[in-house]
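# Summary of structural features
The chain contents come next:
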Amino acid sequence: MVRFKSRYLLCEVCVEDRSSLLLLEERAIYHAVKNAVARSHGDYGAALLILSYGVKYVNAHTGIILIRCRKSHYRNLWSALPFISCLENRGQKVQCSISCLHVGGTIRTCQKFLVKYSTQQLHRMLPHCRNEAERDEVRRAVLSCSLEKERDVEEEEDEVEDDEWEDE
Amino acid sequence: MEEPAAFERLVYKNASIFHYMKICLVLENGRRNIEAAQFKQLIISGLRQLYGEVGAAFPFDLLKFDPGTLTGMLRVYNSGLVKLWSALTLIGSYQNELCAVRVTQVSPFLLALSGNSRELELDQASFTGEKPLLT
């Protein structure tokens, strides 16, 4: 059986100014990563990204992105991620850095990791809360973190819902 | 009784960690004065175009270069041979002038590059009707 295997890179975009994070757009990341790979790996790298490359998920509130590429050359993409210094969005340049959290074979495994990672982050945020109201909110978010039930339409593997949680 | 002589055979799969290439630069408008450093810069720019910054950083050495005939000898690690060779193939221009890089010989051993049966010039005297050496 021959099947095109892909790798999903779960990455986090770090910016100094959280408000500029809300402008995060799929297209900006798509082009930024493509240009970075073209710079680091030349024409060969740019050609590798023609096949099965895409940005599957962007969460503007938390800065989590999910990038998909072929299994045979996901390392080229991974090695080019640290060289991205800014994202351009409608003429505005946002200084950022991208770090990879997890590499998975399917979207589902990445989602499972993200849920675990998010609960860890919430636990870490609890001691930093400034007042009781925030603390209650964080506790509530931790308790409600869970994977939603799978949808009936099974062939739509790209449709994933991650339980949105509010931060700070 | 004498013991039979032991027979030992050694087989090396990767005898050399380097590969040596003998190449020649061919320019459209004839020969020019090109220094060794400029030649190496041309190869690095070819690598950068095809394989990016990572490819251009791969170490290789220009062991010999003859500015008159524009022939040179490169040495590269085994893992970078395919990349270097493909980058050399795709070098198209040098300072806005069409050019091509011809690869004459490739070998894992430097000694093999000293002789080339393609450029061997046979002695003319051996073709005339002279007496053979062994009688």
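Right above here is the structure, for reference.
These lines cover the structure that appears in this document, whether it is placed above or below. Everything numeric here is computed off the predicted structure, so don't read it as measured data. Per-chain numbering applies: the sequence of each chain, read as written, is numbered from 1 onward. Both sets of labels track the order of writing: A upward for chains, 1 upward for ligands. The model is predicted, so local features are restricted to residues of pLDDT at least 70 and side-chain atom pairs to those at 80 or more, both for listing and for counting; the totals for chains, interfaces and linings are taken over all residues. As a rule here, side-chain values come from all non-hydrogen atoms in the structure, and water together with hydrogens is ignored.

### Things to note about the overall build of chain B
Note on conventions: DSSP H or I runs of at least 4 residues are helices, E runs of at least 2 residues are strands, and numbering of each starts at the N terminus. Assigned secondary structure in chain B consists of two helices and four strands. Along chain B, helices and strands appear, N-terminal first, in the series β-α-β-β-α-β. Each residue's exposure class comes from its accessible area (1.4 Å probe, protein chains only) as a fraction of the maximum for that residue type: buried when under 20%, exposed when over 50%, partly exposed otherwise. Scored against the burial criterion, the 135 residues of chain B give a buried share of 33%. Taking as baseline every contact in chain B between residues at least 6 positions apart, the subset at least 24 positions apart corresponds to 66%. Contacts between residues were defined by any pair of non-hydrogen atoms, one from each residue, lying within 4.5 Å.

### Quick look at the sheet that holds strand 2 (residues 60–66) of chain B
Residues and elements named next belong to chain B. DSSP bridges decide pairing: two strands pair if at least two such bridges lie between them. Taken together, the four strands give an open sheet; going across it, the order is 2-3-1-4, and neighbouring strands pair in antiparallel fashion. Edge positions in the sheet fall to strand 2 and strand 4 (99–107), since each of these pairs with one other strand and no more. Looking at each pair of strands side by side, their axes are set apart by 25° on average, direction ignored. In this structure, strand 2 lies alongside strand 3 (residues 71–77), joined through six bridges in antiparallel fashion. Counterpart to D66 in the pairing with strand 3 is T71. To define axes, lines are fitted to C-alpha atoms, for helices over the stretch in contact only, and angles between the resulting N-to-C directions are given on a 0 to 180 degree scale. Along the sheet, helix 1 (residues 36–56) contacts strand 1 (18–27), strand 2 and strand 3; its crossing angle with strand 2, the most-contacted strand, is approximately 140°. Sheet strands touched by helix 2 (residues 81–89): strand 1, strand 3 and strand 4. Its angle to strand 1, the strand with the most contacts, is close to 5°.

### Here's the deal with helix 1 of chain B
The terminal C-alpha atoms of helix 1 of chain B, which comprises 21 residues, lie only 17 Å apart, well short of the 30 Å expected from a rise of 1.5 Å per residue. Bending is quantified residue by residue as the angle between axes fitted to the seven-residue window ending at that residue and the seven-residue window starting at it. Taken as a whole, helix 1 of chain B carries its principal kink of about 115° at B:L50. Every buried residue belonging to helix 1 of chain B is among B:F39, B:L42, B:I43, B:I44, B:G46, B:L47, B:L50, B:Y51, B:G52, B:G55 and B:A56, and all of these are buried. The inward-facing, buried residues of helix 1 of chain B contact helix 2 (26–48) of chain A together with strand 1, strand 2, strand 3 and helix 2 of chain B. Any helix carries an expected span of 1.5 Å times its number of residues minus one.

### Concerning the packing of aromatic side chains
Aromatic rings considered in pairs are described by the distance between their centres and by the relative angle of their planes. Residue and element names in this part refer to chain B. Pairing of aromatic rings covers Phe, Tyr and the six-membered ring of Trp, with a centre-to-centre limit of 6.5 Å; geometry is then stacked below 30 degrees between planes, edge-to-face above 60, and tilted otherwise. Under the defined criterion, the tally for this structure stands at seven aromatic pairs over all chains. Between F18 and Y77 the ring centres are 4.9 Å apart and the planes differ by 40°, which places this aromatic pair in the tilted class. In this pair, F18 sits in strand 1 while Y77 sits in strand 3, placing the two residues 59 residues apart along the sequence. Among the residues examined, F18 registers a relative accessible area of 17% and is labelled buried.

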